[in-house]
Amino acid sequence: MGQQKDFFKQPYAYAFTEKGWFCFRMEGKLFDSLALESVTGADLVNFAFLDAELFSRCLTELFTIWSIAKARGKSDDFIADALVQHVEGIVKRNTYVFLFLLSYIEFLLDGEIDPRVFRGTSRADNLRIREAAGERTDDVPETTKSGLIDVFSRCYEDKRARTEKVLKVMWEENADDGRTPLERYYRLEQEDEAFRKHWGSRFTSELGTRNARSAEVVQLTVLETIDDMLRFEMLHFLTEGKSYKFCKNCGKPFIPRGRSDAVYCDRVADGEEKTCKQIGAYRAEKEKTATVPAWKVYRQAYQRLNKRVELGYMEESAFTDWNREATEKRGRCLRGELPYEDFADWINRTSRQR
Ligand SMILES: [Zn+2]
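Residues numbered from 1 in each chain as written. Predicted model: local features only at pLDDT ≥ 70, side-chain atom pairs only at ≥ 80, totals over all residues.

What to know about the overall build of the protein chain
Stated formally: Put simply, DSSP marks the helices as runs of H or I at least four residues long and the strands as runs of E at least two long, and each gets a number from the N terminus on. The reference for a compact globule is 2.2 Å times residues^0.38; the radius of gyration itself is calculated from the C-alpha atoms. Any residue with 12 or fewer other C-beta atoms within 10 Å of its own C-beta is exposed, any with 20 or more is buried, and the rest are partly exposed; the C-beta atoms used are placed from the backbone.
Per the secondary structure count, the protein chain includes 13 helices and seven strands. Radius of gyration (C-alpha) of the protein chain: 28 Å, far over the 20 Å computed for a compact globule of 354 residues. Principal-axis analysis of the C-alpha atoms places the extent of the protein chain at approximately 100 × 55 × 45 Å. Burial analysis of the protein chain (354 residues in total) assigns 28% to the buried set.

Next up, the structure:
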């Protein structure tokens, strides 16, 4: 146990940025060495605007897997693998959520709470964490492990909400003060003690290798806690002056990862199963299938009637009237206000019987 406590005294991670990428490495109990990188700001912004339920839902799932495996007498290695496997998909979706979950998995396995990740947000929660830490590590009762889910969730939510708040201040509030987001950040750091405490720009750095397998030496910033990681990425995100967009589906900000013309974020919006990007792709497909036949049926009718005018079977003015009405209906059909069937029906009725 003494060894474990020392483990938590080490810095949580080391990070550097490179050509707009945020790279970090860390040592954990489950991974000897973990190195991850992503577009600077993308995960940070996603973390701030994620579905509020995602995290506590994942904790409950992990706890269920753990207690079932435990009851069936599975080995520790088996249980560890099953838990990590369960959250592996999350790492692709969000680094921060993944790291919080990883820390919870470590707690399920050995009963130790990593203070670099989880700190109570109230006196009562701190007490519960201390109580859990005081219990013998190998057999922390199940009730403690499940009971702490809400303590951990509150801790996670506190960090998420704080990140969201900082981003909103940087982007939205006093937007006409003529300051850049970085200048606003600097001003808050100067004037607001609470802000300085959580989001100050002071870091220590040292030289180290890029990752465990590389010999290349880079300047690494020391990140003592997961909060450090959040503020380090925030600072670089602002220094690099990265722009953000509002997602066309959920309306919340995001940083495009790949294509700069992306209009949807890759978060799963509240109460949805799919990401905004997947929903967007589905919607675009649907729009296309509605658009194509609407134009086609209109164009055919237009050519048909135009021919009649040329041949003298139809008055020019009647054709103009028809076209005006057809165009108006076509617009409503493309906007989804008029069902395609009704539109096609009207087109056929008015363009064929003359
Ligand atoms: Zn979205």
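That was the structure; now back to the text.
Considering helix H4 (residues 76–93)
Test applied: Every helix has an expected span of 1.5 Å times one less than the residues it contains. Bend is computed residue by residue as the angle between axes fitted to the seven residues ending at the residue and the seven residues starting at it. Throughout, a residue-residue contact means that the two C-beta atoms, derived from backbone geometry, are no farther apart than 7 Å.
Helix length check: H4, at 18 residues, gives a terminal C-alpha distance of 27 Å against a target of 26 Å (1.5 Å per residue), a fit within 8%. Its maximal kink placed at valine 87, H4 deviates by approximately 35°. Residues of H4 that are buried: Ile79, Ala80 and Leu83. Taken together, the buried residues of H4 touch helix H3 (54–71) and helix H5 (95–110).

Digging into the pairing of strand E4 (residues 204–209)
Formally: Strand pairing is defined by DSSP finding a minimum of two bridges between the two strands.
Taken across its six residues, E4 has zero buried, putting it largely on the surface. Pairing analysis gives six bridges linking E4 to strand E5 (residues 217–223), with the strands arranged antiparallel. In the sheet register, threonine 209 faces E5, and the bridge partner there is valine 217.

A look at the sheet that holds E4
Rules: Working convention: axes come from line fits to C-alpha atoms, limited for helices to the stretch in contact. Angles between N-to-C directions cover 0 to 180 degrees.
Spatial strand order, E3-E2-E1-E5-E4: five strands in an open sheet with antiparallel pairing. In the strand order of this sheet, the two ends are held by strand E3 (34–39) and E4, each with one partner. Ignoring strand direction, the axes of neighbouring strands in this sheet form an average angle of 35°.

Section: the packing of H3 against H5
What counts is decided by this rule: Relative orientations are named as follows: roughly parallel for angles under 35 degrees, roughly antiparallel for angles over 145 degrees, roughly perpendicular for angles from 65 to 115 degrees, and oblique for any other angle. Handedness of a helix crossing follows the sense of rotation of the near helix relative to the far helix, less than a right angle counterclockwise being left-handed and clockwise being right-handed. Note on residue classes: Ala, Val, Leu, Ile, Met, Phe, Trp, Tyr, Cys and Pro are nonpolar, Asp, Glu, Lys and Arg are charged, and everything else, Gly too, is polar.
Relative to each other, H3 and H5 sit at 30°, their axes nearing to 11 Å. Here H3 is positioned roughly parallel relative to H5, judged by the angle of their axes. As for the relative orientation of H3 and H5, their crossing is right-handed in sense. Taking contact as the criterion, the partners of Leu54, Phe55, Cys58, Leu59, Leu62, Phe63 and Trp66 in H3 are, on H5, Val97, Phe100, Leu101, Tyr104, Ile105 and Leu108. A per-class count over the contact of H3 with H5 returns 13 nonpolar, no polar and no charged.

Digging into the domain arrangement of the protein chain
Counted only if it meets this: As annotated, the domain borders come from an automatic or database domain assignment.
Taken as a whole, the protein chain is organised into domain 1 (2–254) and domain 2 (276–352). Distance from the C-alpha centre of domain 1 to the C-alpha centre of domain 2: 53 Å.

Section: the nonpolar core
Heads up, the rule is: Throughout this description, the term nonpolar core refers to a group of buried Ala, Val, Leu, Ile, Met, Phe, Trp, Tyr and Cys residues whose C-beta atoms join them within 7 Å.
Membership of the largest hydrophobic core comes to 64 residues, with the highest contact counts inside it found for Ala15, Leu62, Phe100, Leu101, Tyr104 and Met229. No other element matches the eleven residues that H5 contributes to this core. Residue contacts for tyrosine 104: discarding those within four places in its chain leaves Leu59, Leu62 and Phe152. By size, the runner-up hydrophobic cluster in this structure holds nine residues, among which are Leu305, Ala326, Cys333 and Ile347.

Points about H3
A rise of 1.5 Å per residue sets the reference length of H3, with its 18 residues, at 26 Å; its end C-alpha atoms lie 26 Å apart and thus fit the reference within 8%. Packing partners of the buried residues in H3 comprise H4, H5 and helix H7 (142–171).

So, the confidence of the model for the protein chain
Defined as follows: For every residue, the pLDDT score states the predictor's confidence, bounded by 0 at the bottom and 100 at the top.
Residues with a pLDDT of 70 or more make up 94% of the protein chain, whose mean pLDDT is 88. Taken element by element, the predicted model of the protein chain shows its lowest mean pLDDT in helix H1 (residues 2–9) (69) and its highest in E5 (96).

A closer look at unusual backbone geometry
Positive phi, close to 45°, is recorded for lysine 19, a residue that is not glycine. Secondary-structure assignment places lysine 19 in the loop between strand E1 (13–18) and strand E2 (21–26). With 6 C-beta atoms packed within 10 Å, lysine 19 lands in the exposed category.

Here we look at the environment of glycine 20
Here glycine 20 lies in the loop between E1 and E2. In this structure glycine 20 comes out as exposed when scored by C-beta crowding, with 12 C-beta atoms within 10 Å. Distance in space between the C-alpha atoms of glycine 20 and glutamate 240 is 7.4 Å, their sequence separation being 220 residues. Not counting residues up to four positions away in its chain, the partners in contact with glycine 20 are Val39, Thr40 and Glu240.

Regarding the environment of phenylalanine 232
For phenylalanine 232, the location among the structural elements is in helix H10 (residues 226–239). Between the alpha carbons of phenylalanine 232 and serine 201 there is a distance of 7.6 Å; along the sequence they are 31 residues apart. Apart from the residues lying within four places of it in its own chain, the contact partners of phenylalanine 232 are Ala15, Phe203, Thr221 and Leu223.

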